Amino acid sequence: MNKTGDILFFVLLFILQLVISDYVHLGPWVSLTLIPLLIICIPLSRSPHAVMLIAFALGLGLDILSDGVPGLNAFAAVLAAAPRKFFYRILVNADRQDKTEVPKIREVGLMKYLKYLGVITALYLAAYILVDCVSFRPPLFLLGQFLISWVASTALCLLLSLPLQNRS
Amino acid sequence: MKRYGLLSSLTAIALFIVLETVAILLVVKGGVVQRYKVLGAVRSVQAWFWTRTSQATYYFHYKTENERLAAENLQLRQQLARYASAKAELDSVVRIIEPDYTFIGATVIRNSVDRQHNYLILDRGAKEGVEPGMGVVTARGVIGIVSAVSRHYSYVISLLNTEQSVSAKLAGSGAFGPMNWPGLAPDKAVLSEIPVHVQAAPGDTVLSSGFSTIYPPDIPIGRVVESKINQGSSQDLTILLFEDFRSLHNVYIVKNNRGEEIRELNANAHE
């Protein structure tokens, strides 16, 4: 995988996230996010410190540029990024044989990839929704918002993961 | 080697705690104004882009918007005619009539409705005399409060913000209370603290009370759709808002010409 291509793909995903935040309004039940995919796209060789700092910068950048509540995406991104390697080991690479940098569906298998992506997305959305509105909205609404957002965001991230497959 | 691994884990945990604490502090503090100052140049580029996209979106809604403005125009003409006849009678008594409120027309270039803390960006700023704290209205409702101002743009905290509250009253009885957005549908708000003895029927109109220096009184806001007794002591009324926040385009920024005087009076009274 070429490094410039990786960075370009990463930047494009971030711009797409900004466009989604600014122009895709699907109502209060759905929060669409690509941040979990961006977190997955950070090479696994990076130290946890670097991953958390990158996730924080991504989240804060999104908060500021899309006029969200400052710190909200940053909080959720760090929470999802911190245990990333742990979940990768238990869900994808249990035998620790794989030395991949950025997990791809064709290397790890669709189900393992989906589990990994699903867990990171769930962590991100749980943190985001709880900090954003736990005291204002009824618990059933929060649960509904979480489930719908989780399915929608995981599906979108999976779809956008496909370009990763075509890169060597 | 093992010691290095332990140290690395400890510093990672410490970094995690620091980053999450900073993020939570940022959430608590908000900091809209600071964000505007820091991002001056970036904001200019974004605002240019938002203006263009807002114009493009508006093109597809111009028919509805024209019909709405025509209806508003008709209503204002009728109001003007009533004031003109009243003014003719008053002119003999009062020499100078200075309006309590003046309005600055503005266009919404950015608007969010599906967040917990929604906001708008208007294409009028300090250059046109907009200041933080001014209200934003349309003929169909209260929209929000200006929170930060740059030279050409202003950032408005929308009524669709769970931390925003507007003083509103029932048109019939005059009973008033705070109206908040509960964070669910963008067309519904809740008027609370209405005494139990006040009869509020579905369909009753809700108006701005004018008890703050931000909004003029008697702006129609919405109509009652449901009432619920809250702990036996007051009623919470669900209000269907007249204004459709999803298709906002033309708004008015309200300048209270007596606001400063009222604030000074308040300050003196509390000294």
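Structure: above.
Now for a quick tour of the structure. (Residues numbered from 1 in each chain as written. Chains lettered and ligands numbered in written order. Predicted model: local features only at pLDDT ≥ 70, side-chain atom pairs only at ≥ 80, totals over all residues.)

Helices and strands together make up the secondary structure of chain A, namely eight helices and zero strands. For chain A, the α and β elements follow one another from N to C terminus as α-α-α-α-α-α-α-α. Within chain A, the proportion of its 168 residues that are buried is 37%. (Helix = DSSP H or I, 4+ residues; strand = E, 2+ residues; numbered from the N terminus. Buried ≥ 20, exposed ≤ 12 C-beta atoms within 10 Å, placed from the backbone.)

Within chain B, the regular secondary structure consists of four helices and twelve strands. Within chain B, the proportion of its 271 residues that are buried is 32%. For chain B, restricting intrachain contacts to residue pairs at least 6 apart in sequence, the fraction spanning at least 24 positions comes to 60%. (Contact = placed C-beta atoms within 7 Å.)

Residue and element names in this part refer to chain B. With respect to the helices and strands, the residue tyrosine 101 is situated in strand S1 (residues 101–111). A residue is classified by how many C-beta atoms lie within 10 Å of it, and tyrosine 101, with 18 of them, is partly exposed. As a C-alpha pair, tyrosine 101 and asparagine 257 span 156 residues in sequence and 5.5 Å in three-dimensional space.

Residues and elements named next belong to chain B. Turning to its location among the elements, glutamate 72 is positioned in helix H3 (residues 40–90). Among the residues examined, glutamate 72 registers 14 C-beta atoms within 10 Å and is labelled partly exposed. As for glutamate 72 and threonine 138, which are separated by 66 residues in sequence, their C-alpha atoms are 9.2 Å apart.

Chain A puts 24 residues into the contact, and the matching count from chain B is 22 residues. Broken down by secondary-structure element, the contributors of at least two residues to the side of chain A that touches chain B are helix H3 (48–65), helix H4 (72–81) and helix H7 (110–133) of chain A.

This next bit is on the packing of helix H1 (residues 3–23) of chain A against H3(A). All names here are of chain A. Between H1 and H3, whose axes approach to 10 Å, the crossing angle comes to 40°. Judged by the sense of rotation from one axis to the other, the crossing of H1 with H3 is right-handed. The residues of H3 that touch H1, namely those facing Phe14, Gln17, Leu18 and Ser21, are Leu58, Leu62 and Leu65. Tallied by class, the residues present in the contact of H1 with H3 amount to five nonpolar, two polar and no charged. (Axes fitted to C-alpha atoms, helices over the stretch in contact; angles between N-to-C directions. Left-handed = near helix turned anticlockwise from the far one by under 90°. Nonpolar A, V, L, I, M, F, W, Y, C, P; charged D, E, K, R; others polar.)

Bringing the nonpolar core into the picture now. Residues and elements named next belong to chain B. By size, the foremost hydrophobic cluster in this structure holds 51 residues, and its most contacted members are Leu122, Val136, Val137, Val156, Ile239, Val251 and Ile253. Per-element accounting of this core gives the leading share, six residues, to strand S4 (residues 141–149). Taken domain by domain, this core gets at least three of its residues from each of domain 1 (36–162 + 247–257) and domain 2 (165–244). Non-local contacts of isoleucine 253, meaning those with residues more than four positions away in its chain, are made with Phe103, Ile104, Ala106, Leu122, Arg124, Val130, Met134, Val136 and Val146. (Core = buried A, V, L, I, M, F, W, Y, C linked by C-beta atoms within 7 Å. Domains from an automatic or database assignment.)

It is worth spelling out the sheet that holds strand S3 (residues 135–138) of chain B at this point. All names here are of chain B. Around the barrel, which closes on itself, the six strands sit in the order S1-S2-S5-S4-S3-S12 with antiparallel pairing between neighbours. Each strand axis lies, on average, 45° off the axis of its neighbour in the sheet, ignoring direction. Bridging between S1 and strand S12 (residues 250–256) involves seven bridges; their strand directions are antiparallel. Across the sheet, residue phenylalanine 103 finds its bridge partner in S12, namely valine 254. (Pairing = 2+ DSSP bridges.)

Let us now look at the sheet that holds strand S7 (residues 176–180) of chain B. Residue and element names in this part refer to chain B. Reading around the barrel, the six strands line up as S6-S7-S8-S11-S10-S9 and close back on themselves, with antiparallel pairing between neighbours. Averaged over all pairs of adjacent strands, the angle between strand axes in this sheet comes to 40°, irrespective of strand direction. The pairing of strand S6 (residues 165–170) with S7 spans five bridges and is antiparallel. When the sheet's bridge partners are listed, lysine 169 is paired in S7 with phenylalanine 176.

Residue and element names in this part refer to chain B. By the bridge criterion, three bridges tie S1 to strand S2 (residues 117–122) in an arrangement that is antiparallel. Following the sheet pairing, arginine 110 is matched in S2 by isoleucine 121. Taking the residues between adjacent antiparallel strands as the criterion, S1 and S2 are bridged by five residues.

Residue and element names in this part refer to chain B. Residues other than glycine seldom take positive phi values, yet glutamate 193 does so here, at roughly 60°. You can call glutamate 193 partly exposed: it has 15 C-beta atoms within 10 Å. Residues other than glycine seldom take positive phi values, yet aspartate 218 does so here, at roughly 65°. The topology assignment puts aspartate 218 in the loop between strand S9 (205–208) and strand S10 (220–230). Assessed through the 12 C-beta atoms surrounding it within 10 Å, aspartate 218 is described here as exposed.

Looking now at the environment of Leu13(A). Along the chain, Leu13(A) falls in helix H1. Residues Leu13(A) and Leu38(A) lie 25 residues apart in sequence; the distance between their C-alpha atoms is 7.1 Å.

Moving on, we get to H4(A). In terms of burial, H4(A) is a largely internal element, ten of the ten residues being buried. Every buried residue of H4(A) is accounted for by Leu72(A), Asn73(A), Ala74(A), Phe75(A), Ala76(A), Ala77(A), Val78(A), Leu79(A), Ala80(A) and Ala81(A).

With that settled, the discussion passes to the pairing of S7(B). Residue and element names in this part refer to chain B. Among the five residues that make up S7, four are buried, leaving the element largely enclosed by the rest of the structure. As consecutive antiparallel partners, S6 and S7 are separated by five residues, and within that stretch glycine 174 has a phi angle of approximately 80°, a positive value. Of the pairings in the sheet, the one linking S7 to strand S8 (residues 188–195) comprises two bridges and is antiparallel in character. Each residue of the ladder has a partner; that of methionine 179, found in S8, is leucine 191.

Bringing the packing of H3(A) against H4(A) into the picture now. Residue and element names in this part refer to chain A. Two elements in contact, H3 and H4, have axes whose closest approach is 7 Å; the angle formed by their N-to-C orientations is 155°. With respect to H4, the axis of H3 lies roughly antiparallel. In the packing of H3 onto H4, the handedness of the crossing is right-handed. Residue-level inspection shows Val51, Met52, Ala55, Phe56, Leu58, Gly59, Leu60, Leu62 and Asp63 of H3 in contact with H4, the latter providing Leu72, Asn73, Ala74, Ala76, Ala77, Val78 and Ala81. Its residues assigned to classes, the contact of H3 with H4 shows 13 nonpolar, two polar and one charged. (Parallel < 35°, antiparallel > 145°, perpendicular 65-115°, else oblique.)

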